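Given next are the chains, with one letter for each unit.
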Amino acid sequence: MDKTFARMNAEFGDKIEFRRLNWEERAGKGAIESLSLAKPPASVLADCRGHVVEKFEGVCDATAIKDKLSNMIESNEEKTK
């Protein structure tokens, strides 16, 4: 998942804010509980207002995350025109 996170950050980092949380640290535990995540690794996609759009738990297909991010960016760009 580290490589996937790095690739996504490199590709979309200019348009999306990426945050990484450690499941074992206090700050990470609070966020994980509030998002009702069950197991690491997990990725949570939220819109610009912080509303959760999608959750990916466990090892997931990087293509699925990339497609969802691309759709979110396109949708946001259309709204701001």
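Before reading further, recall that the structure is shown in the block above.
Our subject in this report is the structure included herewith. (Residues numbered from 1 in each chain as written. Predicted model: local features only at pLDDT ≥ 70, side-chain atom pairs only at ≥ 80, totals over all residues. Heavy atoms only, no water.)

## Some points on the overall build of the chain
So, step 1. Helices and strands together make up the secondary structure of the chain, namely 3 helices and 2 strands.
So, step 2. Taken from the N to the C terminus, the helices and strands of the chain come in the order α-α-β-β-α.
So, step 3. Against the 2.2 N^0.38 benchmark of 12 Å for 81 residues, the chain shows a C-alpha radius of gyration of 13 Å, consistent with a compact globule.
So, step 4. C-alpha atoms of the chain, sized along the principal axes, occupy 40 × 25 × 20 Å.
So, step 5. Counting across all 81 residues of the chain, residues that qualify as buried make up 19%.
So, step 6. Within the chain, contacts between residues at least 6 apart in sequence are counted, and of these 28% link residues at least 24 apart.
So, step 7. Total accessible area on the chain is roughly 6100 Å²; 46% of this is exposed by carbon and sulfur atoms.
So, step 8. Of the side chains in the chain, 14 bear a positive and 15 a negative charge, and the two mean positions are spaced by 2 Å. (Helix = DSSP H or I, 4+ residues; strand = E, 2+ residues; numbered from the N terminus. Rg over C-alpha atoms; globule rule 2.2 N^0.38 Å. Buried < 20%, exposed > 50% of the residue type's maximum accessible area, 1.4 Å probe, protein only. Contact = heavy atoms within 4.5 Å. Areas by Shrake-Rupley, 256 points an atom, 1.4 Å probe, with all protein chains shown as cover. Lys, Arg positive; Asp, Glu negative; His and termini not counted. Charge placed at Lys NZ, Arg CZ, Asp CG, Glu CD.)

## Here we look at the pairing of strand β2 (residues 52–57)
One face of the sheet, then the other: side chains in a regular strand alternate in exactly this way.
So, step 1. Pairing of strand β1 (residues 42–46) with β2 involves 5 bridges; the strand directions are antiparallel. Along β2, the bridge assignment pairs S43 with F56.
So, step 2. In this antiparallel pair of consecutive strands, β1 and β2, the connection spans 5 residues, and G50 shows a positive phi of 90°. (Pairing = 2+ DSSP bridges.)

## Focus on unusual backbone geometry
So, step 1. Positive phi values are uncommon outside glycine, yet S36 reaches one of about 55°.
So, step 2. With respect to the secondary-structure elements, S36 resides in the loop between α2 (26–34) and β1.

## Overview of the packing of aromatic side chains
So, step 1. One pass over the full model with this rule turns up 1 aromatic pair.
So, step 2. Considering the side-chain rings of F5 and F18, the 5.8 Å spacing of their centres and the 85° angle between planes classify their relative orientation as edge-to-face. With F5 in helix α1 (residues 2–12) and F18 in the loop between α1 and α2, this pair connects stretches of sequence that are 13 residues apart.
So, step 3. Taking relative accessible area as the criterion, F5 reaches 25% and is therefore assigned partly exposed.
So, step 4. The ring of F5 carries the charged tip of R20 above its face, separated from the ring centre by 5.0 Å. (Phe/Tyr/Trp six-rings, centres within 6.5 Å; stacked < 30°, edge-to-face > 60°. Lys NZ or Arg CZ within 6 Å of the ring centre and 35° of its normal.)

## What about the nonpolar core?
So, step 1. M8, F12, L45, F56, C60, A62, I65, L69 and I73 form the largest nonpolar core, which has 9 residues in total.
So, step 2. Residue contributions to this core peak at 4 residues, all from helix α3 (residues 62–79).
So, step 3. Leave out the neighbours within four places in its chain, and L45 touches H51, V52, V53, E54, F56, K68, L69 and M72. (Core = buried A, V, L, I, M, F, W, Y, C linked by side-chain atoms within 4.5 Å.)

## Here we look at α1
So, step 1. Of all the positions in α1, only T4, M8 and F12 are classed as buried. All buried residues of α1 fall inside an arc of 40° around its axis, so they share one side. Along α1, exposed side chains directed more than 90 degrees from the buried face belong to K3 and A10.
So, step 2. Buried-residue contacts for α1 involve α3. (Arc of directions from axis to C-beta.)

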